[in-house]
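This is what each chain is made of:
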There are 2 protein chains.
Amino acid sequence: MEKVKCIISYDGSQFSGFQIQPKKRTVQGALEQALTTMHKGAHVRIQASGRTDTGVHAKRQTIHFETPYSIPKANWKQALNTLLPGDLFVQDVSFVPDSFHARYDVMEKEYRYYVWNEKEPDVFKRNYAYHFRYNIDMAAVQEACLYIEGTHDFTTFSSAKATTKGSKVRTLFQVTCEKQGSEVEFIFRGSGFLYNMVRIIVGVLLDVGQGRRKPEDITALLGKKDRQFVGETVPPQGLYLWNVKYKSLD
Amino acid sequence: MEKVKCIISYDGSQFSGFQIQPKKRTVQGALEQALTTMHKGAHVRIQASGRTDTGVHAKRQTIHFETPYSIPKANWKQALNTLLPGDLFVQDVSFVPDSFHARYDVMEKEYRYYVWNEKEPDVFKRNYAYHFRYNIDMAAVQEACLYIEGTHDFTTFSSAKATTKGSKVRTLFQVTCEKQGSEVEFIFRGSGFLYNMVRIIVGVLLDVGQGRRKPEDITALLGKKDRQFVGETVPPQGLYLWNVKYKSLD
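Scoring rules and cut-offs
Residues numbered from 1 in each chain as written. Chains lettered and ligands numbered in written order. Predicted model: local features only at pLDDT ≥ 70, side-chain atom pairs only at ≥ 80, totals over all residues. Heavy atoms only, no water. Salt bridge = Lys/Arg side-chain N within 4 Å of Asp/Glu carboxyl O. Helix = DSSP H or I, 4+ residues; strand = E, 2+ residues; numbered from the N terminus. Contact = heavy atoms within 4.5 Å. Buried area = accessible area lost by both parts, 1.4 Å probe. Polar contact = N/O pair within 3.5 Å; in protein donor to acceptor, adjacent residues only side chain to side chain. Disulfide = S-S within 2.5 Å. Axes fitted to C-alpha atoms, helices over the stretch in contact; angles between N-to-C directions. Parallel < 35°, antiparallel > 145°, perpendicular 65-115°, else oblique. Left-handed = near helix turned anticlockwise from the far one by under 90°. Least-squares fit on C-alpha atoms with pLDDT ≥ 70 in both. Domains from an automatic or database assignment. Nonpolar A, V, L, I, M, F, W, Y, C, P; charged D, E, K, R; others polar. UniProt positions renumbered as here; feature names shortened; annotations may be inferred. Buried < 20%, exposed > 50% of the residue type's maximum accessible area, 1.4 Å probe, protein only.

Let's talk about the pattern of salt bridges
Here is step 1 of the chain: Applying the stated criterion across every chain yields a total of 24 salt bridges over all chains.
Here is step 2 of the chain: Residue R199 of chain A is joined to D53 of chain A by a salt bridge in which the shortest nitrogen-to-oxygen separation is 3.4 Å. With R199 of chain A in helix α4 (residues 197–209) and D53 of chain A in the loop between β2 (47–48) and β3 (57–67), this pair connects stretches of sequence that are 146 residues apart.
Here is step 3 of the chain: It is possible to trace a salt-bridge network through shared partners that takes in D11, R25 and D87 of chain A together with R126 of chain B.

Right, dumping it as C-alpha cells:
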C-alpha cells in the first residue's frame, strides 16, 4: 500500500462542510467519491488535518489516504482533478511514509478571517467575507491580539458544544489584524485550535474594535474558562483554513 | 405615477440570466417579485438598460419602474434590499422624469472582462473570471485593441443568433487590456453593444495574445461581416456590466 498526501483547496460556499454526511454535498464525500471511482468501486477513506464547517473555505487543507496503486504523483493530481467538481481542487500530491497522519502529525495550522468593513454589502463578497458595517478601532484590536497570542487555556473561546476531551490549552504563535482598504484580515497561527475558536475570538476582537470591551479585558475572559462570558460566533464565510504544517515533511 | 430609477449590482453565478423565465431564478424575476410584494400583489414590470446572460455579473446595472406610491428614496432602497436575496443589491434609488427609459436613453455602457491567467485554476475565481492557462502576449493584445476601438460594423463580432434588426454599427470609445499579477482586465466602453459582442471580441483578442492571429488582422475580420470567421465566445463568468451612463442625469 502507498500512502498519499494531498494539499487541497475548496470554496466552502456550496459544501455542507468537510465531514461526510448522507445526502449532503461535503468535501470528504466528493473526495471519497472521486477516489472510489479511481479504485473501480472500492471505497477509499480519507483522513484530513481537521474538519471545516459549512461555508468555511480552505486554501491549503491537507488529507491523506492509502492505495494499492502505483501511480506517479502528476497522474494522481490530474486524475483526481478531472473527477472533482470545480470548487474543489488538488494542488499538490506527494507520497509519505506509513507513519504519517494528516491529523495527528500537525505541527501548526494557520487560519485567516476576512471582514468586509463597509456600510453597504458587496454582492461579490457575501460568501467570502463577513460584512461588518461598524467602525473598527484598529489600534485597540491590535492591542487585544497581543493578549490572545501565546499559551492559554482557551475554554472561554471554544464552543460549548465542543466534544474535545482533555486539555483546552493551546499555543497561538501569531494573532494579527491588518486593514487594507475596506478589508480587515485576521491571521491566526497556532499549534492547534478548539472548535469554533477562531470565530469566537474574532467576535470578541470586533467587540473590542467597537469599544464594547477593552483590550486588557482579554486576560480576565481567558481566566473565566466559560464560553458564556463572550458574545456571538462570527459567521463561517469569512473563515479560511490557510495552511497546515507538518514536522519534517515541509 | 412616479418613475423610479435604480442602480443595482448582482452576482450572476446563481441566476439564469437577467430576463424573467418561468420556473427559473432570474434577476428580473427577483426584482419584480420584491416590487410586487411591496405593491401588495399588484405586478410591477421593470425595464433594464439591457439583459445579461446566465453567469454574467453586474456592478452597476440600471433599471426603472413606475409606481403609484410616494416613498422617500432611502426607504425604497431599504425596503427593496430587505426583500431581495443576498446576491442582488440596490445601490442607489432616484426619481426620474416620465420621459426617462433605462434602455432607450443609454448614452454609454461599460463592460469589463476578467481572465485568470495561471496554469492552475483557483477555486475562488471559478465563477468570477475565465481561467486561461496559456501565455498572453500583452503588447500584441494591446495593439489589437486599437484596431477594435472606434466606429465599425461589428457583425463579425456578434452572435449569429442575434435578433437585432437594423445597423450593426457601434462606436467603442475605449478598448483596453491590462495585466496585474495573474489577472487580465479588459475594459470596453461604447455607445452600445451587440449580442455576445464583448465575449466574441475577447476570444479574438486572446487568439492574438497566443500568436494565432496578428493585431492587424482585426481590420480584415471587421470587413468580413460574418461571425464564422472568428473563434469561440469566451465563457460568461468573466463578464461584468460595469456601468451605464445616461444623458443629463449623471
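Still more to cover.
Some details on the interface of chain A and chain B
Here is step 1 of the chain: At the junction of the two partners, chain A supplies 20 residues and chain B supplies 20 residues.
Here is step 2 of the chain: Summed over both sides, the interface of chain A with chain B buries roughly 1,600 Å², with 61% coming from carbon and sulfur.
Here is step 3 of the chain: Linking chain A with chain B are six salt bridges.
Here is step 4 of the chain: The interface formed by chain A and chain B contains four residue pairs in polar contact (both at pLDDT 80 or more).
Here is step 5 of the chain: Of all the elements in the fold, those that place two or more residues in the side of chain A that touches chain B are β1 (2–10), β3 and β4 (88–96) of chain A.

Points about the environment of G192 of chain B
Residue and element names in this part refer to chain B.
Here is step 1 of the chain: By the secondary structure assignment, G192 is in the loop between β9 (183–190) and α4 (197–209).
Here is step 2 of the chain: Placed 22 residues apart in sequence, G192 and R170 show a C-alpha to C-alpha distance of 6.1 Å.
Here is step 3 of the chain: In this structure G192 touches R170, L172 and M197, once residues within four positions along its chain are discounted.

Observations regarding the side chain of E32 of chain A
Residue and element names in this part refer to chain A.
Here is step 1 of the chain: Relative to the elements of secondary structure, E32 occurs in helix α1 (residues 27–38).
Here is step 2 of the chain: Here the side chain of E32 touches R45 through a polar contact of 3.3 Å, side chain to side chain.
Here is step 3 of the chain: Here I46 takes part through its backbone nitrogen, which lies 3.0 Å from a polar atom of the side chain of E32.

A word on the state of the cysteines
Here is step 1 of the chain: Enumeration according to the criterion identifies zero disulfides over all chains in this entry.
Here is step 2 of the chain: With no disulfide of its own, C145 of chain B lies 5.5 Å from the sulfur of C177 of chain B, the closest cysteine sulfur.

Some remarks on the packing of helix α3 (residues 138–148) of chain B against α4 of chain B
Residues and elements named next belong to chain B.
Here is step 1 of the chain: Their axes nearest at 8 Å, the elements α3 and α4 cross at an angle of 140 degrees. Put simply, α3 runs oblique to α4. In terms of crossing hand, the pair formed by α3 and α4 is right-handed. Listed contacts from α4 to A140, V141, A144, C145 and I148 of α3 are I201, L205, V208 and G209.

Digging into the relation of the copies chain A and chain B
Here is step 1 of the chain: Rotating chain A by 180 degrees and moving it 0.0 Å along the rotation axis overlays it on chain B with an RMSD of 0.0 Å. The transformation just described matches what one would write down for a two-fold rotation axis.

Here's the deal with the domain arrangement of chain A
Residues and elements named next belong to chain A.
Here is step 1 of the chain: Domain parsing of chain A yields domain 1 (2–96) and domain 2 (107–246).
Here is step 2 of the chain: Spacing between the C-alpha centres of domain 1 and domain 2 amounts to 28 Å.
Here is step 3 of the chain: Across the boundary between the two partners, domain 1 contributes 16 residues, which contact 15 residues of domain 2.
Here is step 4 of the chain: Note on domain 1 versus domain 2: buried area summed over both sides is about 1,300 Å², and carbon and sulfur give 53% of it.
Here is step 5 of the chain: On the surface where domain 1 and domain 2 come into contact, there are one salt bridge.
Here is step 6 of the chain: At the surface where domain 1 touches domain 2, the tally comes to ten residue pairs in polar contact (both at pLDDT 80 or more).
Here is step 7 of the chain: When grouped by side-chain class, the residues that make up the side of domain 1 that touches domain 2 number two nonpolar, nine polar and five charged.

Section: the UniProt feature "binding site: substrate" (unreviewed entry) in chain A
All names here are of chain A.
Here is step 1 of the chain: The feature "binding site: substrate" (unreviewed entry), as given by UniProt, occupies Y111 in the numbering adopted here.
Here is step 2 of the chain: Here Y111 shows up in strand β5 (residues 106–116).
Here is step 3 of the chain: Look at Y111 and you get buried, because its relative accessible area is 9%.

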